[in-house]
Amino acid sequence: MKVYGLLTGKKKGYGYFQGDIDNLACLPQRKDDILSAYRHSIDDINERLLALLNERAKTAQLIAQRKAELGLPTFDPQRESQMLEILAQNNQGPFSDNAIKGLFKEIFGATRQLMDASRKENLLVSRRHNQFNTVIDVNGVRLGEGAMAVIAGPCSVESEEQLEGIVAHLAQRGIKIIRGGAFKPRTSPYSFQGLGMPGVRMMRRIADKYGTAMVVEVMEPGLVTEIAQYADILQIGSRNMYNYPLLREIGHCSRPVLLKRHFGATLEELLLSAEYILSEGNPQVILCERGIRTFEPATRSTLDISALPVLRQETHLPLMADVSHAAGRRDLIIPLAQAVQAAGAHALLVEVHSDPANALSDSQQQLSLEEFDKLLAALGR
């Protein structure tokens, strides 16, 4: 083993000697020279280890890139176990086999974090992939820039009379995109499930009459093409955020997509769900925060206000907030809407009904027409 001594020459401010470690003790030295030489040797080893670790990390990044091209998972636990066993078999001490495995597990873990960071940077949804905001134009409303847009309408399409009364009021207030549930995924199978495709066609007729665009939820892959013939924006509800066949199918569609965050999903999971859509060729995705499930019973869900500025940093996609489903109470809609406006939402999604008390679904969270007017005033519209 080669070490540095302190006899002649200069290296990093020290006189140095290079020779075999076994011969070093025989040389005439001051009493601390041998310790200093050992320390120099450790420093040299550290530098070589650092270079090797960084070389290993760069190679791991190349492996991750190739795996992404092949559609393979980044982490291979079987391969990691095999490497640990080989290292233990080749270990000649003085470290124990368990110590060697522990050290390399730390190296493997740090490498996985690096590979994950590289993967995130290369995602189509990533702000690093696209520094400019994606702007989606729907009926003259440019989602992704400018003042916060308002998208409103009933929770459920119940009848033509009900829908037209609401849309007429909204159109008079300058609302250019309406929402309405024709397919209603309900917790109870006995609750009103919506009017289905007849409701979608009804929405289209009324939207055309008043010059508005429309948002309709799609619940299964087989309905994407049919609903896309009528809807201007296709909505994926929170329960279907993890419906990967639906995400892939809707990625083949040319319509903008409103993707709602599942109430139990992290922001990373939301972005990865959006990545499914973008990776299939549809870049027009709007991310919607609609509240997460917490231990707090005062509201239906807890509106994650912090998600909006975080997502502003992480992605270039337009951001929306559904305050109605988050609150579950109409008395909280206005302050929550003001909060998401301040937090940087590009659009607000809110439920409005001409007779909330007798609505067939979610009556507690829908604003009356008069309350909706107050909301617009509070938002400065």
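Quick look at the structure, then. All of these numbers come straight from a predicted model, not from anything done at the bench.

This paragraph deals with the pairing of strand S12 (residues 347-351). S12 sits mainly inside the fold: five of its five residues count as buried. The two faces of S12 match: Ala347, Leu349 and Glu351 on one face and Leu348 and Val350 on the other face are all buried. Bridge count between strand S5 (residues 149-153) and S12: five bridges; the pairing is parallel. In the strand pairing of S12, Val150 is matched with Leu348. Sheet topology places strand S11 (residues 319-322) next to S12; three bridges connect them, and they run parallel. For Ala321, the partnering residue across the bridge sits in S12 and is Leu348.

Let us look at the layout of surface pockets. The calculated volume of the largest pocket comes to roughly 750 Å³. Ala68, Arg119, Leu123, Leu272 and Glu275 are the residues nearest the centre of the largest pocket, which is lined by 25 residues in total. Grouping the amino acids of the lining of the largest pocket by side-chain chemistry returns 12 nonpolar, eight polar and five charged. Surrounding the second largest pocket, Leu49, Leu52, Leu53, Arg56, Phe95, Ile100, Leu103, Phe104 and Ile107 form its lining. When residues of the lining of the second largest pocket are traced back to their parent elements, those giving at least two are helix H2 (33-70) and helix H4 (97-121).

Conventions used here
- Residues numbered from 1 in each chain as written.
- Predicted model: local features only at pLDDT ≥ 70, side-chain atom pairs only at ≥ 80, totals over all residues.
- Heavy atoms only, no water.
- Buried < 20%, exposed > 50% of the residue type's maximum accessible area, 1.4 Å probe, protein only.
- Helix = DSSP H or I, 4+ residues; strand = E, 2+ residues; numbered from the N terminus.
- Pairing = 2+ DSSP bridges.
- 1 Å grid on protein atoms, 1.4 Å probe; cavity = no way out; pocket = protein on both sides within 12 Å on 5 of 7 lines; lining within 4 Å.
- Points joined across faces, edges and corners; volume = space filled by probe spheres on them.
- Nonpolar A, V, L, I, M, F, W, Y, C, P; charged D, E, K, R; others polar.

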